[in-house]
Amino acid sequence: MSSHPFSDQEQNDPAHGKLRSAEYHRRYLSGKNIDQHRGHSVRKLRDQNKSFSCKPKTCIQRISHEIDHDHAAKTEDTAEHLSPGHFFLVKNKAGQQDRNKIPKTYRLAPEYRFPVGLMDCYAAAKTFYTNRFLLNTDPDRITIMGDSAGGNLAAAVCMMARDRGDFFPKKQILIYPALNNCYTEDSPFESVKTNGTGYLLTAEKMEDYLKFYESCPEDRRNPYFAPILEKNFRNMPDTLILTAEFDPLRDEGEAFGEKLKEAGNRVEVHRIAGAFHGYFALGIKFLHVQESFAYVNRFLETEEQEEGKHHEERICTVEKT
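Residues numbered from 1 in each chain as written. Predicted model: local features only at pLDDT ≥ 70, side-chain atom pairs only at ≥ 80, totals over all residues. Heavy atoms only, no water.

Peer 1: Residue-level account of the pattern of salt bridges, with values.
Peer 2: Close approach of charged atoms allows side chains with opposite charge to pair. On inspection of all chains with the given rule, the structure shows 10 salt bridges. The partner of arginine 162 in a salt bridge is aspartate 163, and the shortest N-O contact between them spans 2.9 Å. On the basis of relative accessibility, which here comes to 16%, the residue arginine 162 falls in the buried class. The class for aspartate 163 is partly exposed, based on a relative accessible area of 42%. In this structure, arginine 220 and glutamate 207 form a salt bridge, with 3.3 Å as the shortest nitrogen-oxygen distance. With arginine 220 in the loop between α10 (203-213) and β6 (238-246) and glutamate 207 in helix α10, this pair connects stretches of sequence that are 13 residues apart. Just as arginine 220 is buried, glutamate 207 falls in that class too. (Salt bridge = Lys/Arg side-chain N within 4 Å of Asp/Glu carboxyl O. Buried < 20%, exposed > 50% of the residue type's maximum accessible area, 1.4 Å probe, protein only. Helix = DSSP H or I, 4+ residues; strand = E, 2+ residues; numbered from the N terminus.)

Rendered as structure tokens:
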């Protein structure tokens, strides 16, 4: 059975072309064959790992930039071009179900352009990493996490923390992150060309977002603006990157993972087959999200096991001396 929401005739008919976003996603979300296809992948993961769980098991301290609906109604043109994305601080505590939101949002473009939003996120992360009593946990058990534009901010915060030495994140999770500075035909990434039209997120929209975010054209050459431009990828946190198959941002996320890996960092990169940009918004009942949480949980649990192992080794070393 095909996992694609279009019929074979629609896929092969040149005159048909790509369906526009609304029609594509209407069929996508209503296609039970998609769920059946993803269910196979989730079952495969479960068979490979007996401790597999697709439910979120982290206590999330969240900084989000959700658009205020009243403000959006008053500034319709601006709100239309704001890219959805979230920046999170995740407290690694398996089995804990409560989610507490930090009562703060980072300031948004275009009213507040680069680097204002980044510095808001950096200041918040620094506060929680350097004051262990706020989250009541060891800073080494905090993970920086972001999706879409939030993935950009998460990566930039980790690079800035390394460069400044204010704190040292041990883990980051980037979900379909926006990491580059160009979404025109000049982009070096094939997914911008193949997935840049006809889907929910388009290359044209990404260019609009960058224009709203930048303070001046020179910002686009700044690695804190476009983290994939960084020259030094050494000493970065252990990283999990999730990309979506039908996403113009897919290839830059995977290329970022390769750069991190080549620099000697521990990296996992997983492409979610059949997924499009923003699928996390569909909720935990959607199998793409379940598959993603399986990777997230396994990543965090592996990190915790490694930390426990190193802790035991340190104790043994002390006892021997």
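Peer 1: Provide a residue-level description of the packing of aromatic side chains, including the pertinent values.
Peer 2: Under the defined criterion, the tally for this structure stands at 11 aromatic pairs. Measuring from centroid to centroid gives 5.4 Å for phenylalanine 114 and phenylalanine 225, while their planes differ by 85°, and the two rings are edge-to-face. With phenylalanine 114 in the loop between β3 (100-101) and α6 (116-130) and phenylalanine 225 in the loop between α10 and β6, this pair connects stretches of sequence that are 111 residues apart. Like phenylalanine 114, the residue phenylalanine 225 is buried in the burial classification. In this structure an aromatic cluster arises from ring pairing among Tyr176, Tyr279, Phe280 and Phe293. The aromatic ring of tyrosine 122 is capped on one face by arginine 164, whose charged end is 5.3 Å from the ring centroid. (Phe/Tyr/Trp six-rings, centres within 6.5 Å; stacked < 30°, edge-to-face > 60°. Lys NZ or Arg CZ within 6 Å of the ring centre and 35° of its normal.)

Peer 1: Can you tell me about the confidence of the model for the chain, naming the residues and giving the values?
Peer 2: Any segment with low pLDDT has predicted coordinates that should not be analysed in fine detail. Of the residues in the chain, 64% reach a pLDDT of 70 or more, and the chain-wide mean stands at 76. The low-confidence segment residues 1-42, where pLDDT is below 50, has 62 contacts with residues more than four positions distant or belonging to other chains. For the stretch residues 94-104, pLDDT sits under 50, and the model shows 24 contacts to residues farther than four places along the chain or on other chains. (pLDDT = per-residue confidence, 0-100. Contact = heavy atoms within 4.5 Å.)

Peer 1: Can you break down the nonpolar core residue by residue, with the values?
Peer 2: Inside soluble globular proteins, nonpolar side chains tend to come together where they are buried. Ranked by size, the top nonpolar core spans 47 residues in total, and within it Phe87, Leu89, Leu118, Ile144, Val157, Tyr183 and Phe256 carry the most contacts. Of all the elements, helix α8 (residues 149-164) adds the most residues to this core, at nine residues. Non-local contacts of tyrosine 183, meaning those with residues more than four positions away in its chain, are made with Ala178, Val192, Ala203, Met206, Glu207, Leu210, Leu249 and Glu252. Listed in part, the 20 residues of the second largest apolar core include Val90, Met145, Ile175 and Tyr176. (Core = buried A, V, L, I, M, F, W, Y, C linked by side-chain atoms within 4.5 Å.)

Peer 1: Kindly report on unusual backbone geometry, identifying the contributing residues and their values.
Peer 2: Note that the residue after alanine 109, namely proline 110, is joined by a cis bond; omega there is 5°. Looking at the secondary structure, you find proline 110 in the loop between β3 and α6. For the bond running from phenylalanine 114 to proline 115, omega is 5°, close enough to zero to count as cis. Along the chain, the position of proline 115 falls in the loop between β3 and α6. Within the chain, tyrosine 176 stands out as a residue other than glycine whose phi angle is a positive 30°. Residue placement: tyrosine 176 occurs in the loop between β5 (171-175) and α9 (190-194). In this structure, asparagine 235 is a non-glycine residue whose phi angle is positive, near 60°. Considering the arrangement of structural elements, one finds asparagine 235 in the loop between α10 and β6. By relative accessible area, which is 67% here, asparagine 235 ends up exposed.

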